[in-house]
Amino acid sequence: NQFTCYDLSHSDLAKNHVRHFAGGRSYVPHERLFRFDFPESPGALQRFLLSLDISWNVSAFHYRNHGHDFGRVLVGIQVPEKCSKNLRTFLDTLGYRYLDETDNPAYQTFLRHGDKKEE
């Protein structure tokens, strides 16, 4: 068997976000993928967007809420390697709980097309 198998039964990324995506895999240069817990309060999205570096691109955005006091948000951000320090500063000062999912097997297998080299 030449297929790689992954147990995604405990993957919050797969259960809360990837299963709702359509369209298959894509190549997005310098994409980093993060899960955030956005507070369910006025201005939370605006605060996030205004905090982003103007040179970054939001390549994916998926919001889920089931009546909690926070929304589960998946965000793809195109950030060149030279901006990694700025990205870390953004994540640490935003104040929202987050998790870097860039290396998650669910993302790598079902959303990211890895045939091209990073530019």
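None of these values were measured; they are calculated from a predicted model. (Residues numbered from 1 in each chain as written. Predicted model: local features only at pLDDT ≥ 70, side-chain atom pairs only at ≥ 80, totals over all residues. Heavy atoms only, no water.)

1. Overview of the overall build of the protein
Where we set the bar: Where helices and strands are cited, they refer to DSSP runs of H or I of at least four residues and of E of at least two residues respectively, numbered from the N terminus. For each residue, the accessible area found with a 1.4 Å probe, counting protein chains only, is set against the maximum for its type, and the residue is called buried under 20%, exposed over 50%, and partly exposed in between. Whether two residues are in contact is decided by their heavy atoms: any pair within 4.5 Å suffices. Residue burial considers only the protein chains on display, and all accessible areas are found by Shrake-Rupley using a 1.4 Å probe.
Along its length, the protein carries 4 helices and 4 strands. Starting at the N terminus and walking to the C terminus, you meet the elements of the protein as α-β-α-β-β-α-β-α. Across the 119 residues that make up the protein, the buried fraction comes to 37%. For the protein, the share of sequence-separated contacts (at least 6 apart) that also reach a separation of at least 24 residues comes to 75%. A total of about 7,800 Å² of accessible surface is found on the protein, and carbon and sulfur atoms cover 50% of it.

2. A few points about the nonpolar core
What counts is decided by this rule: To form a nonpolar core, buried Ala, Val, Leu, Ile, Met, Phe, Trp, Tyr and Cys residues must be joined to one another through side-chain atoms within 4.5 Å.
If you look at the biggest cluster of nonpolar residues, it comprises 17 residues, and the most contacted ones within it are Phe36, Phe48, Trp56, Ile77, Leu87, Phe90 and Tyr96. Those elements that provide at least two residues to this core are strand S1 (31–39), helix H2 (44–51), strand S3 (70–78) and helix H3 (84–94). Leu13, Leu33, Tyr107 and Leu111 belong to the second-largest nonpolar core, a separate cluster that totals 7 residues.

3. Quick look at the environment of tyrosine 96
This is how it is decided: Under this definition, polar contacts are N or O atom pairs within 3.5 Å; protein pairs additionally need one hydrogen-donor-capable and one acceptor-capable atom, and for neighbouring residues in sequence, both atoms have to be side-chain atoms.
Take tyrosine 96: it is sitting in the loop between H3 and strand S4 (97–100). Exposure remark for tyrosine 96: the relative accessible area of 7% places this residue in the buried category. Separated by 26 residues in sequence, tyrosine 96 and phenylalanine 70 have C-alpha atoms that sit 9.9 Å apart. Discounting chain neighbours no more than four positions away, the residues touching tyrosine 96 are Phe36, Asp37, Phe38, Pro39, Ala44, Arg47 and Phe48. Within polar-contact distance, the side chain of tyrosine 96 engages the backbone oxygen of alanine 44 at 2.9 Å.

4. Describing the sheet that holds S3
Rules: Only strands that DSSP links by at least two bridges are regarded as paired with each other. Comment: axis = line fitted to C-alpha atoms, over the contacting stretch for helices; angle = value between 0 and 180 degrees taken between N-to-C directions.
With antiparallel pairing, the 4 strands of this open sheet are ordered in space as S2-S3-S1-S4. Of all strands in the sheet, those bounded by a partner on one side alone are strand S2 (57–64) and S4. Taken pair by pair, the neighbouring strands of this sheet meet at an average axis angle of 20°, ignoring direction. Note that S1 and S3 share 9 bridges and pair antiparallel. Considered in S3, the bridge of aspartate 37 is made with arginine 72.

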